[in-house]
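The lines below spell out each chain.
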Amino acid sequence: MAGDGGAYRLRCSLLGHEQDVRGITRGFFPEGGFVSVSRDRTARLWTPDGLNRGFTEMHCMRGHSNFVSCVCIIPPSDLYPRGLIATGGNDHNICIFTVDNTAPLYVLKSHKNTVCSLSSGKFGTLLSGSWDTTAKVWLNDRCMMTLQGHTAAIWAVKILPEQGLMLTGSADKTIKLWKAGRCERTFTGHEDCVRGLAILSEMEFLSCSNDASVRRWHISGECLHVYYGHTNYIYSVSAFPHCEDFVTTGEDRSLRIWKQGECIQTIRLPAQSVWCCCVLDNDDIVVGASDGIIRVFTKSLERTASAEEIQAFENELSQTSIDPKTGDLGDINADDLPGREHLKDPGTRDGQTRLIKDNGKVEAYQWSVSEGRWIKIGDVVGSSGGTQQTSGKVLFEGKEYDYVFTVDVNESGPSYKLPYNISDDPWLAAYNFLQKNDLNPMFLDQVAKFIIDNTKGQAPLNTNTEFSDPFTGAGRYVPGSTSLSNAAPAADPFTGAGRYVPGSASNAAEGGHDPYTGMGAYQSAEAENIYFPKKDAVTFDQANPTQILGKLKELNSNAAEEQKLTEDDLIILEKLLSATCNTSAEMPTAQQMQTLWKAINWPEDIVFPALDILRLSVRHPIVNENFCGEEAHVQFIHLLLKFLNPQGKPANQLLALRALCNCFVSQAGQKLLMEQRDEIMTQAVEVKSGNNKNVHIALATLTLNYAVCLHKVNNIEGKAQCLSVISTVMEVVKDLEAVFRLLVALGTLISDDKNAVQLAKSLGVDSQIKKYVSVSEPAKVKECCRFVLNLL
């Protein structure tokens, strides 16, 4: 630590952010400056102000649609000689800014939950950590690899000086060391979430945790030292340059400075949560807290704040309320406390706290060695200085939420935890809660109403209070479904069938089913690989034409006049369905296909039954040629891609994906989809972030159908894209039918192709799929996984 060994004192307090300051990092430009990010959705670039020892806000950068959680600087390059600023947010995105512009240069989208940590390395590489339990390695605007292995949120990431070595710290209480995308070592010792990391050298690093300890590690795995001093969660740790000294901040309202392994100074702040800190090149320390204020501390007499400013800071601190329940001050019995005369005795160490009772009030004081006096740090009262609303720090399964409710669904059953953020849709949160806990969907209304009632009505706009499908938004019609009362046991709720379930009663009666369609004479065989390479496209054929037409007519009656179909149009579409579903000997006509084109151009909120008709019709060679042939194919593809917007309606995403899958049945469709592969796959993979398992199955099937075509033509570039999609989607999917189809796609891609095998290995796909070897049901997942691993 540079300097004369004196104590740190306030340099300045910076106002600007409107909510908690969650991340701070020193900048390359301007010299001596830094960047801060906040729950107010902004990032701010601060430059030193030589006139008043403070800093001036140079830019306020906006690009996130939710809280900004973390920030780092990407070092200067030939293209960007002043470096770049990277910010991560609760909107799951990473925004990249230049230092000259308040709008993002570009946005990185791949994580499926809050991005809460960023670190930059050589040659423009960027490492991100997320609540989705993954870390991702980026180069420019592309995700190069995904690091998987943690079982809970990743709170901290760092790139080590040695090329290829990376660190991740997680709510699963472990730290992992990665080399070239593989986990080399897991560090255990912390007893709670790992919240921060700091690099000391090529061989050593520090970690801090919710267990109130700091640990120093050697990359061999050995824990060299454990430092204690904080009395609550430690949120951040930052190392001084060129030495082993460091600073920490935490939930005990303190900044602590550590030298040669000892805490030599404790600075209390008038805010409950001191979220972040960084050390500037001149050894000044910048901290951000839950009161939205940035404070800079210095040892330099030239940069120290005026006596008036320091007195104002101490006055603010003395008026702070300290909650005894935090444990920061130990067990307190007010009756046993001494009076003000206790402050006449000097303290024994810096940061020592002393409680006194004065006129019935309990006051807390801290000893300052440098000033030789007791400084009042607050009044001890029964309420916390930081609220749930201002700090947002309710932890559940290693993630932060605005609320975590305890829900009793029925009197005789167990209680369940329901995490919820105000920005969430209460209906979708209720649906996900019921799915996760395997509860009856009939509770959807009840749970959603519970959320709305207990969040003071802070529900998103346009929430329909009547019962509606949480995905389609209206009606009892579910695209592609048959009547639920007639559906076979364990049927796909959208197709009405097509889900192979080994060992079910119907399977036993018919002697085995095809793993894709649920029909035919498939028999499980352990010795013979019956799964891949797959030769033909997999399609979605199940339907109830009467129900589809009924929904189409219902929505048509409510459509705007210029969009309404005539009675003749409806009859024409009915005939088209009959012709393409083999219930009529007639051939599809040009008039029928023109009417269908008109229908699929309906607005997004009512188009889904028309898309369902398209999905069924495009299997017919005449319809396939009409939409996929040379004349209309560009319009057709662009229309379907429009429905694959991640923010779009899941029903439309699902049916657009199924229509694309069904296009593969004819030559025209195969040719078109292969020509447009890059654009289609790039757009399609974006819908993986949703929680709809049927969308995941359709996305896996589209990938499988591409694998079938790529196996025939042996296009390595196409295979690389498909392997990347498989690797990406495998991270997200939980439904085993989707997993199975991805495994078949993977096996098909790497069959008879050594280059594809090597490519799959370099992406770490083998480690991704190993867990499916232990799946007991359905057996096809385990069997197919074994065959794929044999090739790898």
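The text that follows walks through the structure, step by step, so that each part is easy to find.

Conventions we followed
- Residue numbers run consecutively from 1 along every chain, following the written order of its sequence.
- Local features in this predicted model are restricted to residues whose pLDDT is 70 or higher, and side-chain atom pairs enter the listing and the counts only when it is 80 or higher, whereas totals over whole chains, interfaces and linings include all residues.
- Excluded from the side-chain calculation are hydrogens and water; included are all heavy atoms of the structure.
- Any two of the Phe, Tyr and Trp rings considered here, Trp counted by its six-membered ring, make a pair once their centres fall within 6.5 Å; the pair's planes then place it as stacked at under 30 degrees, edge-to-face at over 60, or tilted in between.
- Runs of H or I in DSSP of at least four residues are treated as helices and runs of E of at least two as strands, each being numbered from the N terminus.
- Summary of the burial criterion: residues with accessible area below 20% of their type's maximum are buried, those above 50% are exposed, and those between are partly exposed, where the area comes from a 1.4 Å probe applied to protein chains only.
- Cation placement over rings: the criterion is NZ of Lys or CZ of Arg within 6 Å of the ring centroid and within 35° of the ring normal.
- A pair of strands is treated as paired once DSSP finds two or more bridges between them.
- Here, axes are lines fitted to C-alpha atoms. For helices the fit covers the stretch in contact, and angles between N-to-C directions go from 0 to 180 degrees.
- Expected helix span is computed as 1.5 Å times (number of residues minus one).
- Definition of a polar contact: a pair of N or O atoms within 3.5 Å, with one able to donate and the other able to accept a hydrogen when the atoms are protein atoms, and with sequence-neighbouring residues admitted only if both atoms are side-chain atoms.
- In this count, Lys and Arg are taken as positive residues and Asp and Glu as negative ones, while His and the chain termini are left out.
- Salt bridges are identified by distance alone: a Lys or Arg side-chain nitrogen within 4 Å of an Asp or Glu carboxyl oxygen.
- Residues are treated as being in contact if the distance between any of their heavy atoms lies within 4.5 Å.

**Considering the packing of aromatic side chains**
A full pass over the atoms with the stated rule returns 20 aromatic pairs. Ring geometry for Phe405 against Phe450: centres 5.3 Å apart, planes inclined by 80 degrees, an arrangement best described as edge-to-face. With Phe405 in strand β35 (residues 403–408) and Phe450 in helix α4 (residues 444–454), the pair connects residues that are 45 residues apart, well separated along the chain. What makes Phe450 partly exposed here is its relative accessible area of 27%. By the ring-pair criterion, three or more aromatic residues cluster together here, those being Phe34, Trp46 and Phe55. The ring of Phe67 is capped by Arg39, whose NZ or CZ atom sits 3.9 Å from the centre of that ring. The ring of Trp155 carries Arg195 above its face, with NZ or CZ at 3.9 Å from the centroid.

**Regarding the sheet that holds strand β24 (residues 254–259)**
In spatial order, the strands read β22-β23-β24-β25; together these 4 strands make up an open sheet with antiparallel pairing. In this open sheet, the two edge strands, each paired with only one partner strand, are β22 (234–239) and β25 (262–268). Each adjacent strand pair in this sheet contributes to an overall mean axis angle of 20 degrees, direction not counted. Strand direction decides the pairing type here: strand β23 (residues 246–250) and β24, joined by 4 bridges, are antiparallel. Each bridged residue has a counterpart across the sheet, and for Thr249 the counterpart in β24 is Leu255.

**Overview of the sheet that holds strand β4 (residues 42–49)**
Sheet architecture is open: 4 strands sit in the order β2-β3-β4-β5, paired in antiparallel fashion. Taken across any chain shown, the strands that pair with only one partner, and hence form the sheet edges, are β2 (21–26) and β5 (54–62). Here the strands of the sheet are splayed against their neighbours by 25 degrees on average, with no regard to which way each runs. Here strand β3 (residues 34–38) runs beside β4; their pairing, made up of 4 bridges, is antiparallel. For Val35, the partnering residue across the bridge sits in β4 and is Leu45.

**Focus on helix α17 (residues 736–750)**
In this model α17 runs 21 Å from its N-terminal to its C-terminal C-alpha over 15 residues, within 8% of the 21 Å that 1.5 Å per residue would give. Of all 15 residues in α17, 14 are buried, a share of seventy percent or more. Where α17 starts, the residue carrying a side-chain oxygen 2.9 Å from the main-chain nitrogen of Glu737 turns out to be Asp735. Two residues or fewer past α17, Asp752 is found with a positive phi of approximately 60 degrees.

**Details of the side chain of Asp350**
Looking at the secondary structure, you find Asp350 in the loop between β29 (321–322) and β30 (353–358). It turns out Asp350 is buried and unbridged, and the closest side chain with the opposite charge, Arg349, is 7.6 Å from it. Residues within four places of Asp350 in sequence aside, it is in contact with Ile264, Gln265, Thr266, Trp367, Ser368, Val369 and Ser370.

**Quick word on unusual backbone geometry**
Cis geometry marks the peptide bond from Phe532 to Pro533, where omega comes out at 0 degrees. Relative to the helices and strands, Pro533 resides in the loop between α5 (505–510) and α6 (545–558). Look at the link from Glu777 to Pro778: it is a cis peptide, with omega at -5 degrees. Topologically, Pro778 is positioned in the loop between α19 (765–769) and α20 (779–791). Although it is not a glycine, Arg41 adopts a positive phi angle of roughly 75 degrees. Checked against the element boundaries, Arg41 lands in the loop between β3 and β4. A positive phi angle is found at Lys173, which is not glycine, with a value near 80 degrees. On the secondary structure map, Lys173 appears in the loop between β15 (165–170) and β16 (175–179).

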